[in-house]
Amino acid sequence: MKKLLGLVAILAFSVASYAQKGPKIEFKAKDNTIDYGTVSKDADNGVRTFEFTNTGDAPLIITHVQSTCGCTVPTKPTEPIMPGKTGKIEVKYNMNPGRISKTITVESNAVNYEGGKVALRIKGEVIVKEEKNVLQKEKVGPQS
């Protein structure tokens, strides 16, 4: 009985360690989200960077990066990311005024996400600063 339990334990450990082999992607951003906060359309170019590390033991290959709309344009690394090295996925939002809530899907050979797919998010709000016309008279309260 002890031999059987020992064999089962060794087998379970072997399967668990085998499942952990391969490239792994770990993003630096908390919850894989970048918060733009409240930004001005005129003062911000809309570019943000998701940094990640390959924490696995094989080269990480980013095969595809796609946004939920055309207003957000992501770029991916073209070369494999070696174990222990970092990479970047740059995202450019077109800075349309209003709330930002977009998802970017990253497809890779990472073994720590189902199917190698990771969802990244950007959020925030874009405002347009009101320009004050210096030639316009300011309205003054009622005269008494």
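Look up: the structure comes first, before these words.
Scope of this entry: the structure provided in the associated data block. (Residues numbered from 1 in each chain as written. Predicted model: local features only at pLDDT ≥ 70, side-chain atom pairs only at ≥ 80, totals over all residues. Heavy atoms only, no water.)

1. Observations concerning the pattern of salt bridges
In the structure shown here, the tally under the stated rule is 2 salt bridges. The partner of Lys28 in a salt bridge is Glu51, and the shortest N-O contact between them spans 3.8 Å. On the criterion of sequence distance, the pair formed by Lys28 in the loop between strand 1 (25–27) and strand 2 (33–40) and Glu51 in strand 3 (residues 47–54) is long-range, its members being 23 residues apart. Given the relative accessible area of 33%, Glu51 is considered partly exposed. Note that Arg48 is salt-bridged to Asp44, the shortest N-O span being 2.7 Å. Taking the relative accessible area as the measure of exposure, Arg48 reaches 17% and is therefore buried. (Salt bridge = Lys/Arg side-chain N within 4 Å of Asp/Glu carboxyl O. Helix = DSSP H or I, 4+ residues; strand = E, 2+ residues; numbered from the N terminus. Buried < 20%, exposed > 50% of the residue type's maximum accessible area, 1.4 Å probe, protein only.)

2. Focus on the sheet that holds strand 2
Pairing in this open sheet of 4 strands is mixed, and the strands run 2-8-7-4 from one edge to the other. Both outer strands of the open sheet, strand 2 and strand 4 (62–67), are each paired with one neighbouring strand and no more. On average, each strand axis in the sheet is tilted by 15° relative to the strand beside it, whichever way the strands run. Where strand 7 (residues 98–108) and strand 8 (residues 117–127) come together, 10 bridges link them in antiparallel fashion. Each bridged residue has a counterpart across the sheet, and for Thr103 the counterpart in strand 8 is Arg121. (Pairing = 2+ DSSP bridges. Axes fitted to C-alpha atoms, helices over the stretch in contact; angles between N-to-C directions.)

3. Looking at the packing of aromatic side chains
Tallied over the entire structure, the rule returns 3 aromatic pairs. Between Phe27 and Phe50, the ring centres sit 6.4 Å apart and the planes meet at 90°, which makes this aromatic pair edge-to-face. Placement of Phe27 in strand 1 and of Phe50 in strand 3 is noted, with a sequence separation of 23 residues between them. Of the two residues examined, Phe27 and Phe50, each falls in the buried class. With 5.5 Å between their ring centres and 55° between their planes, Phe27 and Phe52 make a pair best called tilted. (Phe/Tyr/Trp six-rings, centres within 6.5 Å; stacked < 30°, edge-to-face > 60°.)

4. Quick notes on the side chain of Ser67
Relative to the elements of secondary structure, Ser67 occurs in strand 4. Of note is the side chain of Ser67, whose polar atom sits 3.1 Å from the backbone oxygen of Cys69. Here Thr72 takes part through its backbone oxygen, which lies 3.3 Å from a polar atom of the side chain of Ser67. Those residues in contact with Ser67, other than ones at most four positions away along the chain, are Thr72, Pro74, Thr103 and Ile104. (Polar contact = N/O pair within 3.5 Å; in protein donor to acceptor, adjacent residues only side chain to side chain. Contact = heavy atoms within 4.5 Å.)

5. Digging into the sheet that holds strand 5 (residues 72–75)
Strand order in the open sheet formed by 4 strands is 1-3-6-5, and the pairing between neighbours is antiparallel. One side of each edge strand has no neighbouring strand; the edge strands of this open sheet are strand 1 and strand 5. For this sheet, the mean angle separating the axes of adjacent strands, direction not counted, is 30°. The pairing of strand 5 with strand 6 (residues 86–93) spans 4 bridges and is antiparallel.

6. Some thoughts on the pairing of strand 8
Only one face of strand 8 is covered, namely the one carrying Val118, Leu120, Ile122, Gly124 and Val126; the face carrying Lys117, Ala119, Arg121, Lys123, Glu125 and Ile127 has none of its residues buried. With 6 bridges connecting them, strand 2 and strand 8 associate as parallel partners. When the bridges of strand 8 are listed, Thr38 appears paired with Glu125.

7. Quick look at the environment of Thr53
Its location among the elements puts Thr53 in strand 3. The exposure class assigned to Thr53 is partly exposed, which follows from its relative accessible area of 26%. In sequence terms Thr53 and Pro83 are 30 residues apart; their C-alpha atoms lie 8.0 Å from each other. If sequence neighbours within four positions are ignored, Thr53 has contacts with Lys24, Ile25, Glu26, Gly84, Lys85 and Thr86.

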